[in-house]
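Close look at the chain arrangement
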Amino acid sequence: MFAIVRTGGKQYRVAPGDKIVVEKLAGEAGDSVDLTDVLLAGEGSDLKSTDGLIVGAEIIAQAKGEKVTVFKKRRRHNYRRKTGHRQQHTILKIVSIGGQKAEKKAAPKAEAAPKAEKAAEKAPAKPKAEAKAAPSKAETSTKDAAPAKAAAKKAAPKAAAKTEKK
């Protein structure tokens, strides 16, 4: 059994037991990864439908590629720039080919509703909170509140400084 999968913008021909080096994938060594972008699958000359087909893989290691040196120079201009780059890679071991994607079911949503009803039954009925009285105009006035807040902010650091000096 073989498959052609696409990951990291590249395509790979894989079979169970193969080890491939791909662009960095999220995860740590030992984690399992499902490659869902299967382009072709088959055995020998027989091809299978790729609808819902996944390729199961295990992350062996996260590694860096070979160092690439980039050197730029312009003659007679005293211009030289040297930089380097090491690409991040993930080494995968193909575990299985042919697993099916889990189909989304409406059942989990239906189960959530009975849980909410059970929680409502267990909790005693709470009386509705009385509506709060509207604040008076004096409380909502920002002109009066702003100088009071500013004075409080100025007084707090001075009081703290006096206690530190003592």
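What this report covers is the structure whose coordinates are included nearby. (Residues numbered from 1 in each chain as written. Predicted model: local features only at pLDDT ≥ 70, side-chain atom pairs only at ≥ 80, totals over all residues. Heavy atoms only, no water.)

1. As for unusual backbone geometry
Positive phi, close to 60 degrees, is recorded for Arg76, a residue that is not glycine. Among the secondary structure elements, Arg76 is positioned in the loop between strand 7 (53-74) and strand 8 (79-100). Positive phi is not limited to glycine here, since Asn78 has a value of about 55 degrees. Within the element layout of this structure, Asn78 appears in the loop between strand 7 and strand 8. Looking at Asn78, the relative accessible area reads 65%, which means it is exposed. (Helix = DSSP H or I, 4+ residues; strand = E, 2+ residues; numbered from the N terminus. Buried < 20%, exposed > 50% of the residue type's maximum accessible area, 1.4 Å probe, protein only.)

2. Structural notes on the pattern of salt bridges
Under the criterion given, the structure shown has two salt bridges. We note a salt bridge from Glu23 to Lys10, for which the minimum N-O separation is 2.8 Å. Of this pair, Glu23 sits in strand 3 (residues 19-23) while Lys10 sits in strand 2 (residues 10-14); the two residues are 13 residues apart in sequence, bridging distant segments of the chain. (Salt bridge = Lys/Arg side-chain N within 4 Å of Asp/Glu carboxyl O.)

3. Brief notes about the sheet that holds strand 5 (residues 38-43)
Sheet architecture is open: four strands sit in the order 2-1-5-6, paired in antiparallel fashion. For this open sheet the edge positions go to strand 2 and strand 6 (46-48), each flanked by a neighbour on one side alone. Sheet twist, expressed as the average angle between the axes of neighbouring strands with direction ignored, equals 25 degrees. In terms of strand pairing, strand 1 (residues 2-7) meets strand 2 through five bridges, oriented antiparallel. If you follow Arg6 over to strand 2, its bridge partner there is Gln11. (Pairing = 2+ DSSP bridges. Axes fitted to C-alpha atoms, helices over the stretch in contact; angles between N-to-C directions.)

4. Here we look at the nonpolar core
Membership of the largest hydrophobic core comes to 18 residues, with the highest contact counts inside it found for Val14, Val55 and Leu92. Elements with a contribution of two residues or more to this core: strand 1, strand 2, strand 3, strand 4 (32-35), strand 5, strand 7 and strand 8. Counting residues per element, this core draws most heavily on strand 7, which supplies four residues. Residue contacts for Leu92: discarding those within four places in its chain leaves Asp18, Lys19, Ile20, Val22, Leu25, Leu35, Ala57, Glu58, Ile59 and Ile60. (Core = buried A, V, L, I, M, F, W, Y, C linked by side-chain atoms within 4.5 Å. Contact = heavy atoms within 4.5 Å.)

5. Here we look at the environment of Lys82
Here Lys82 is to be found in strand 8. Put simply, Lys82 and Lys72 are 10 residues apart on the chain and 6.5 Å apart in space, counted from C-alpha to C-alpha. Beyond its immediate stretch of four places on either side in the chain, Lys82 contacts Thr69, Val70 and Phe71.

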